[in-house]
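Breakdown of the fold
Spelled out, the chains give:
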Amino acid sequence: MSFEFHDEAALAVSTAANTASIAAAAEGPGFDSLGVAPEILKAILHAGYPTPTDVQALAVPAALTGADLLVSAKTGSGKTAAFVWPALQRILDARLDPAKKRIKGQPQGPRVLVLAPTRELAMQVSRACMQYGHGVQGLRIAHVVGGVPYQAQLKALRGPLDMLIATPGRLLDLMGSGAAILSQVEMLVLDEADRMLDMGFIDDITTIAQAIPAQRQTLMFSATFAGNVGTLARELTRDPQRINVASHTDTHAQIEQRLHWADSLHHKHALLEQLLADRNVDQAVVFTSTQRDADELAWKLGEIGHSVAALHGGMPQGRRNRVLQGLRQRQLRVLVATDVAARGIDVPSITHVINYGLPMKAEDYVHRIGRTGRAGRTGLAITLAERRDVGMIRRIERFTTQRISAAVVPGLEPKLAPPSDKPSGERSFGRPGGKPFAGGGKPFAPGRKPGFGGPGKARGEREFGAGRDFAGKPAGPRRGGFGR
Ligand code: AMP
């Protein structure tokens, strides 16, 4: 396979053309002009969306022509539907094609394969396929992800299949044992391809792609197509169309971003506690930097009465699923999560994202805040930073090309001056007296409560969480000492 593209700029569909199509989409050609079959259209209309999103308006008609696509669209933009709808259409078309008739006794592997970086995202995609494919008679979908027993997956792969959604590692295992047959795949979708490469899946993806007929359609979704992702795109696609709907420099207008400077870990705890006490918090995702911190913080929040659970990659898949289910069903108000596990969380009622521990990479910040402000709603993303975090805050601001404005919680203002490392020409921020936090609430009094995470315990010294998470026992209001 070969095609010419040299760099990101050369790949980009001209901005003017893109803008024109986006404007056209915004003006209103509705879902019926996308070109999908009535049974798919019915499911879309049933979802109650007002109009196609930009990425849907651009990518769906392009995908329906059979072209390969390289698409950049931010999370929450409706990108899943942008590949699921054409995928379903392909399945319907194949059923009408006598040359593709399924013959009993011969392998009946999937026609569409979707690869996703995490189990959560794979399952999110799988749910979207079921939702939008509701009216497609006899639609057979399977997902294979790591961390769960093989048996049910082997069984699912044995039957005739239309769609398979997989994380690369587990799929490769199943291919190795002969259980996964990819010889009938007509459409390959790589969701969050950049993330898959970050996670080290490049060889797995290449091996999987080699097992799929070359005469396929390939749709790649990725925040960027520079570097390794561009190289992979060159290998996997033919003459692709580039659709760039949004980038990491997007303004995220629907998400208000705030920064609170904390003088110490203790101060940060007090800020978090106060922020979560705000009645405007419908549901919140609190991010930590490590799995251990996630367990520990969830435990502590549970101790002071929050309905809370941790979610991270070190938990068994069954428990992760139950936690997500609890979040979706609103049995949980607070989720304490790490970056990897939180990918793919699509719960529109998440009103707040709180960065308690900063991400390792600036781009993860964008994915984190994208957990709120979904499906046309607004959201608030709050970052709690200590002075030592200033380097990462600046990297995030450079990456997003936006300043994160500083705010204070009345009564919990930082006593230390804000970090001085500021880009030239910009005003200092984080000063006491900055934008106050709207939630109001109790004033900070050091002796008010012991404060969680009290002194004397080194970070990660012991693991909390076992038996404390939502999955094991719905976290009801619990009272008790802090940092016990
Ligand atoms: P994503 O993770 O980018 O696929 O975002 C998916 C979210 O957007 C889900 O909550 C969908 O239900 C929602 N969504 C998908 N299509 C639309 C649409 N046309 N209008 C509004 N929301 C949509």
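Definitions and limits used
Residues numbered from 1 in each chain as written. Predicted model: local features only at pLDDT ≥ 70, side-chain atom pairs only at ≥ 80, totals over all residues. Helix = DSSP H or I, 4+ residues; strand = E, 2+ residues; numbered from the N terminus. Buried ≥ 20, exposed ≤ 12 C-beta atoms within 10 Å, placed from the backbone. Contact = placed C-beta atoms within 7 Å. Near = placed C-beta within 6 Å. Nonpolar A, V, L, I, M, F, W, Y, C, P; charged D, E, K, R; others polar. Core = buried A, V, L, I, M, F, W, Y, C linked by C-beta atoms within 7 Å. Pairing = 2+ DSSP bridges. Axes fitted to C-alpha atoms, helices over the stretch in contact; angles between N-to-C directions. Parallel < 35°, antiparallel > 145°, perpendicular 65-115°, else oblique. pLDDT = per-residue confidence, 0-100. Arc of directions from axis to C-beta.

Counting secondary structure elements, the protein chain contains 17 helices and 15 strands. The burial tally for the protein chain puts 47% of its 484 residues in the buried class. Once local pairs closer than 6 in sequence are excluded, the contacts in the protein chain between residues at least 24 apart make up 79%.

What follows covers the site of the ligand. Around the ligand sit 16 residues in total, of which Tyr 49, Gly 78, Lys 79, Thr 80 and Ala 375 are the nearest. Among the elements that line the shell around the ligand, the one with the most residues is helix α5 (residues 79-96), at three residues. In terms of residue class, the shell around the ligand is made up of five nonpolar, eight polar and three charged.

Moving on to the nonpolar core. If you look at the biggest cluster of nonpolar residues, it comprises 71 residues, and the most contacted ones within it are Ala 59, Val 71 and Met 220. At eight residues, α5 tops the list of elements feeding residues into this core. Setting aside chain neighbours within four positions, we find Val 71 in contact with Val 55, Ala 59, Lys 79, Leu 219, Met 220, Phe 221 and Ile 243. If you look at the next biggest cluster of nonpolar residues, it comprises 54 residues, including Ile 255, Ala 298, Val 308 and Leu 380.

Bringing the pairing of strand β1 (residues 69-72) into the picture now. Neither face of β1 is left uncovered, since the one carrying Leu 69 and Val 71 and the one carrying Leu 70 and Ser 72 both have all their residues buried. The pairing of β1 with strand β6 (residues 217-221) spans three bridges and is classified as parallel. Paired with Leu 70 across the strands is Met 220, a residue of β6. Pairing geometry for β1 and strand β7 (residues 241-244), over four bridges, is parallel. Note on β7: the bridge partner recorded for Ser 72 is Asn 244.

Packing of helix α16 (residues 362-369) against helix α17 (residues 390-400) brings their axes to within 8 Å, and their N-to-C directions diverge by 75°. Viewed along their axes, α16 and α17 adopt a mutual orientation that is roughly perpendicular. For the pair α16 and α17, contact is made by Ala 362, Glu 363, Tyr 365 and Val 366 and by Arg 395, Ile 396, Phe 399 and Thr 400, respectively.

For the protein chain, per-residue confidence averages 80 on the pLDDT scale, and residues scoring 70 or more make up 79% of the total. Segment residues 1-28 is flagged for pLDDT under 50; beyond a separation of four residues in sequence, or across chains, it makes 31 contacts in the model. Counting contacts from residues 423-484, a segment whose pLDDT is below 50, to residues more than four positions away or on other chains yields 107 contacts.

This part covers helix α4 (residues 54-64). When you tally the buried positions in α4, you get nine out of 11 residues, the bulk of the element. For α4, every residue scored as buried is listed here: Asp 54, Val 55, Gln 56, Ala 57, Leu 58, Ala 59, Val 60, Ala 62 and Ala 63. Trailing α4 by a residue or two, Gly 66 shows a phi angle of about 95°, which is positive.

Every buried residue of helix α3 (residues 38-47) is listed here: Ile 40, Ala 43 and Ile 44. The arc that holds every buried residue of α3, seen down its axis, measures 100°, which confines them to one face. Of the exposed residues in α3, those oriented more than 90 degrees away from the buried face are Pro 38, Leu 45 and His 46. Where α3 is buried, its residues touch α5 and α6 (119-132).

Positive phi, normally seen in glycine, also occurs at Glu 192, with a value near 50°. Structurally, Glu 192 can be placed in the loop between β5 (187-190) and α9 (193-198). Overall, Glu 192 belongs to the buried group, with 23 C-beta atoms counted inside 10 Å. A positive phi angle, close to 45°, is found at Asp 239, a residue other than glycine. Mapping Asp 239 onto the fold places it in the loop between α11 (227-236) and β7. On the neighbour-count criterion, Asp 239 (11 C-beta atoms within 10 Å) is exposed.

Mapped onto the elements, Thr 351 comes out in strand β12 (residues 350-355). Sequence-wise, Thr 351 and Gly 379 are 28 residues apart; in three dimensions their C-alpha atoms are separated by 4.9 Å. Once residues lying within four places of it in the same chain are set aside, the contact partners of Thr 351 are Asn 280, Val 281, Asp 282, Gln 283, Ala 284, Thr 372, Gly 379 and Leu 380.

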